[in-house]
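Okay, here's what each chain looks like letter by letter:
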Amino acid sequence: MSTITPGPLLAVEKLQKHYAQSRSMFLRTQAGVVKAVDGVSFQVPVGATLGLVGESGCGKSTTARLLLRLEDPTGGRIQFDGKDVHGAVGPALRDYRTNVQAVFQDPYSSLNPRMRVAGIIGEPLSANRAISAGELRDAVAEVMQTVGLNPQSAQRFPHEFSGGQRQRIAIARSLILRPRLLVLDEPVSALDVSIRAQILNLLMDLQEQFGLSYLLISHDLDVIAEMCNEIAVMYLGQIAEIGPAAEIVDNPRHPYTQALFSARLPAHPDGVSARIRLTGDIPSPLNPPSGCRFRTRCPQVMPVCAERVPPVTHLPNGHLASCHLLNESVVLGV
Amino acid sequence: MTWRSLRRFPWIPVLLLAPVVICGIAGPLLYPHDPTVVNLLAPRKPPAWLAGGDPAFLLGTDHFGRDLLSRLIEGARVTLMVAVLGVVVAAVIGITAGMVAGYFGGWIDNVVMRIVDVKMSIPTILLTILIGSAFGGGLVTIICSIIFVFWADYARVIRGETLSLRERGYVALAKVANCSHVRILLRHILPNLFATCMVLFSLQLGRALIVEAAITFIGLGIQPPASAWGLLIAEGRNYLATAWWIPTFAGLAITMTVLGTNLLGDWLRDALDPKLRQL
């Protein structure tokens, strides 16, 4: 069924979210536009994981909110299973949301403290389908078992669980509608290192078991490298480099990706890594640098970087990067 | 009941409020005398334990010789009914308005909050006099005044709280799960406002008692020969130097009730928090 669907499950094209900043409440003068997400394109194939990586403030979470339709994009398109969903309303939006669910970073604020676990996990089902109390109870028990929770704790409150268990509750909730795509926004960042591996393994098992597709957002490069088939590196609202995970990890071509991956801890404590240090802060998305957005911090900056926006360069193996360094005629000054 | 649950029981507020509530409910059964019967032969009798006191009039009598204890008990009934009714209706209006304003934002928020601002700019007493001259004095005036005065406080506090709650992860996830706005408001926002509402309710109840007493005091509230605590104070203020007991016991009753509701509110806030329930 879904395996013979041609094309990607989720296709995002030139997605944009600009926030207008008005200076005053009464006079609607525009002080500027924050370009939180500015022309982002990627695809998530069926059963695969796309990693979205970048510093804080680069637009990862805004992208997730746009995909979940918690906010409306100001431009671009989102297609799910071949259907446009960026402007979907009413039944089309409801239908989309039964196929796309999410897990958020903070397992403390993502579970309603006044609801019992059974209510939290069962809510997507009871909100979408007419279902009897008994069926609901069975469905909740089943999905709790799937994520490794004891169904007997269904009548407890979230605060009685540890961070890792809470994240399992959040995952159980996201699975109960049997969605096809999960948006995982920093799913393990708030957890202890010892718990992280358990949750990541659980996510990988579930992916295999249900043929799920993941959009995994993280700033943790090890998590991204471990989990993803494809990686997209975001900088200041744009994708700097995107490609198969092996390509991005072993053969990064964009100076930002190179700097990012050089910051990973080596696998062995004695291992030495040639660390590329970036200086300065990420510039304000209210007033991004001209030309290449990374030029203010790039160790290999050239005069052309301030003048022209680097085009997307197609490299072998479906690897795309936006950098003037990859364009030989520019580098050689021809 | 285990020792622990005994120790956690809110003894002080319950002991403060129990007599008031019992008097309010069972009033007529408890009067030693009819609170409206005038006895001009025994005006301004001091409480029983003072020189000249009469054991038949435990807290003494007022300037018409009516039994003060009976009038106090009768007053509890009126006072409680007015305050509870007024604050409950104000709470329902204010919580609804605040929640809707905070959750939806935009022009709805602007309209609701500007109405609140307008309300806040009108002095309470002026508003009361206005309502009083429109409806005449009495129960309706007091209850309307309390509703008018208190709903805006609720709306403001609840709106602020809702603004922070609607940004929580579970609200976003509820939207992703296709929950309707009504469902999100009732299942995710309202239960998390509960503690705030209860604390606010108990504080408002205390303030409502005071407003009620003030309105009655200026003559727009409960009319004699009925009894209310504010009325007892108003009637007794001329005798403060010679018969201090007339206004004093009513004042004490108000203080006790306000203190009791405030303490009960504090206890409720902790007791209703599922995180603290297990401790």
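In this text the structure is predicted, and so the values were computed from the model without any measurement.

Enquirer: Help me understand the sheet that holds strand 3 (residues 49-53) of chain A in this model?
Expert: Backbone hydrogen bonds hold the strands of a sheet together, and the pairing may be parallel or antiparallel. Residues and elements named next belong to chain A. Strand order in this open sheet of eight strands is 6-7-8-3-9-10-12-11, and the pairing throughout is mixed. This sheet does not close on itself; its edge strands, each paired only once, are strand 6 (100-103) and strand 11 (312-315). The mean angle between the axes of side-by-side strands here comes to 20°, regardless of whether they run parallel or antiparallel. Pairing geometry for strand 7 (residues 181-185) and strand 8 (residues 213-218), over five bridges, is parallel. The partner of Val183 across the bridge, within strand 8, is Leu215. The sheet strands contacting helix 6 (residues 193-210) are strand 3, strand 7 and strand 8, and the helix crosses strand 8 at an angle near 160°.

Enquirer: Explain the side chain of Arg166 of chain A to me, please; I cannot follow it from the model alone.
Expert: Residues and elements named next belong to chain A. Mapping Arg166 onto the fold places it in helix 5 (residues 163-175). One buried charged side chain, Arg166, makes no salt bridge at all; its nearest oppositely charged neighbour is Asp106, positioned 6.1 Å away. With residues up to four places along the chain from it excluded, the contact list for Arg166 reads Pro107, Tyr108, Leu111, Pro158, His159 and Phe161.

Enquirer: Would you mind showing me how to read the side chain of Asn178 of chain B here?
Expert: Note on placement: Asn178 of chain B falls in the loop between helix 7 (169-176) and helix 8 (181-217). Taking relative accessible area as the criterion, Asn178 of chain B reaches 6% and is therefore assigned buried. From its side chain, Asn178 of chain B meets the backbone oxygen of Arg94 of chain A in a polar contact 2.8 Å long. In this structure Asn178 of chain B touches Leu93, Arg94, Arg97, Thr98, Ala127 and Asn128 of chain A, once residues within four positions along its chain are discounted.

The rules behind the values
Residues numbered from 1 in each chain as written. Chains lettered and ligands numbered in written order. Predicted model: local features only at pLDDT ≥ 70, side-chain atom pairs only at ≥ 80, totals over all residues. Heavy atoms only, no water. Pairing = 2+ DSSP bridges. Helix = DSSP H or I, 4+ residues; strand = E, 2+ residues; numbered from the N terminus. Axes fitted to C-alpha atoms, helices over the stretch in contact; angles between N-to-C directions. Contact = heavy atoms within 4.5 Å. Buried < 20%, exposed > 50% of the residue type's maximum accessible area, 1.4 Å probe, protein only. Lys, Arg positive; Asp, Glu negative; His and termini not counted. Salt bridge = Lys/Arg side-chain N within 4 Å of Asp/Glu carboxyl O. Polar contact = N/O pair within 3.5 Å; in protein donor to acceptor, adjacent residues only side chain to side chain.

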